[in-house]
Structures are given as structure tokens and as C-alpha cells.
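Structural overview
The chain contents come next:
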Amino acid sequence: MTALSEHVLEEIRELPAKYPQPRSAVMPALDLAQEEAGYLTAEAMSEVAAALKLDPGYVEGVATFYTLFHLQPIGKHRFYVCTNLSCTLRGANEIVEHVKGAIGVHEGGELSKDGLFSYEEVECLGACEYAPVMRLDHRYEKDLTPNKIDSLIAERRSPATPSAVELPHPALRADLPAKRGGEKPKPKPRARKRKSG
Ligand code: FES
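Residues numbered from 1 in each chain as written. Predicted model: local features only at pLDDT ≥ 70, side-chain atom pairs only at ≥ 80, totals over all residues. Heavy atoms only, no water.

**Section: the overall build of the chain**
- Broken down by element type, the chain carries eight helices and four strands.
- Secondary structure of the chain in N-to-C order comes out as α-α-α-α-β-α-α-β-β-β-α-α.
- Taking all 197 residues of the chain together, 37% fall into the buried category.
- Considering only intrachain contacts with a sequence separation of at least 6, the fraction spanning at least 24 residues in the chain is 64%. (Helix = DSSP H or I, 4+ residues; strand = E, 2+ residues; numbered from the N terminus. Buried < 20%, exposed > 50% of the residue type's maximum accessible area, 1.4 Å probe, protein only. Contact = heavy atoms within 4.5 Å.)

Following this line, the structure appears as C-alpha cells:
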């Protein structure tokens, strides 16, 4: 039995064609693997390497370098709170403290008792104009407040009552393939140019 489903492996095999450098596919591939397996096991990483025809050591090196990848079990919903300068100036530390209190953990990477949540502090997410910002379930959540954090947690504890969702950050949408089972966005038809004269 493989660590990753054939469906996910197929998606991973298709990734290199989307990048000028096939090696660039390793990050979205690891993201898909982590999404399915919950965290990156040695087997999952070696299956990613085989699917991308890359050296397993290289794939493991990427997985261990970036904090967004996890080699240990983590929460089903993960708060990646930016604590870089712009976000800190706009209250990121208070947001971190609120998240910790709300999910009942003391440090980054710790799992909440119900296994649903964990949080981490991360470097700039490239959306400073919306500070304070975090990434949660592949979406960017912006202009964070304690109330907003509470709502996001409540929605995930009672998934039957989702509130309006925000569009993912454009940078993230470019990085990640369409959600599994969902439709890929269709390109807009181009307007025809009129011939002059
Ligand atoms: S400093 Fe937080 S997104 Fe840039």
C-alpha cells in the first residue's frame, strides 16, 4: 500500500509541465502530499520524488527546509500567522496569543487536544498590505482581529455552518493546483482585436 493515493500521485506527475523548471514542482507536490497524508512521512516524500523523477534527498531537503512542511503530525487546520515586520506593527503578536488561547496550545507545532488545530509563526506571506495576515486551510485571511479568529475556529468546529469564504490569495492560487475533486478554473475568452482600416 502506498502512502499517497493514485489520484494524488497522478496530480503530482502532471505538475512539472506547469513550470519552466520541472524541479519547481516539488513545493506544490509536497503540499499536495501533506494535504492528503496530514504530514510528510518518509514514504510520502519518496513517493513524491519518484513521481517527479527527482532525487529523494533533494525532495527531503526541500521538505525539511521550509516551515510550511511538517514531518510530524499536525492539526487538521493549521494557522500560519505572519509575524514579520508589517504584521507585527499591526498586532500580529496579539493575534498569536489569541490563537494560542483559543485552541489551547502553548507553542508552535503543538496539537490542540481535539487534534483539529495547530499554529505556527511564519515569515512574510507577501500580503503586507493586508496585515495582520495568516494562511489557514490554503486561504489567506487578512486584517485579522480576535473576533475573526474566533469565527474561523467556530466554523471549523461546526463545518455544517460555513460562513462566506474569501478568495485565496492570488499568489497562492498560482502556486497550487485546483482543489482535488473540484473544477479547474477555465480561462476567460479573449476579446477579438478589431482590424483597423
Ligand atoms: S509582513 Fe506579514 S505578510 Fe508581509
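**Describing unusual backbone geometry**
- Looking along the chain, the bond that leaves Ala 131 and enters Pro 132 is cis, with omega of -5°.
- Its place among the elements puts Pro 132 in the loop between strand E2 (117-122) and strand E3 (134-136).
- Within the chain, Lys 53 stands out as a residue other than glycine whose phi angle is a positive 60°.
- Examined against the element boundaries, Lys 53 turns out to sit in the loop between helix H3 (42-52) and helix H4 (56-65).
- Even without a glycine there, the phi angle at His 138 is positive, about 65°.
- Considering the arrangement of structural elements, one finds His 138 in the loop between E3 and strand E4 (139-141).

**Digging into the nonpolar core**
- Core analysis: the largest hydrophobic core is formed by 23 residues, its most contacted members being Ile 12, Leu 30, Val 48, Leu 52 and Val 59.
- At the level of secondary structure, the elements contributing two or more residues to this core comprise helix H1 (6-14), helix H2 (26-37), H3 and H4.
- For this core, the element with the highest residue contribution is H3, accounting for six residues.
- Apart from residues no more than four positions distant in its own chain, Leu 30 is found in contact with Leu 40, Met 45, Val 48, Val 59, Val 62, Ala 63 and Phe 69. (Core = buried A, V, L, I, M, F, W, Y, C linked by side-chain atoms within 4.5 Å.)

**Points about the side chain of Gln 34**
- Relative to the helices and strands, Gln 34 is located in helix H2.
- What makes Gln 34 buried here is its relative accessible area of 2%.
- Look past the residues within four positions of Gln 34 in its chain and what remains in contact with it is Tyr 39, Leu 40, Leu 68, Phe 69, His 70, Arg 78 and Tyr 80.

**Some details on the pattern of salt bridges**
- For the coordinates displayed, the defined rule picks out eight salt bridges.
- A salt bridge links Arg 13 to Glu 6; the shortest N-O distance between them is 2.9 Å.
- The salt bridge involving Arg 157 is made with Asp 114; its shortest N-O contact spans 3.7 Å. Of this pair, Arg 157 sits in helix H7 (residues 146-157) while Asp 114 sits in the loop between helix H6 (92-103) and E2, placing them 43 residues apart in sequence.
- Residue Asp 114 is classed as partly exposed on the basis of its relative accessible area, which comes to 40%.
- Connected through salt bridges with shared partners, the residues Glu 6, Glu 10 and Arg 13 form a single ionic network. (Salt bridge = Lys/Arg side-chain N within 4 Å of Asp/Glu carboxyl O.)

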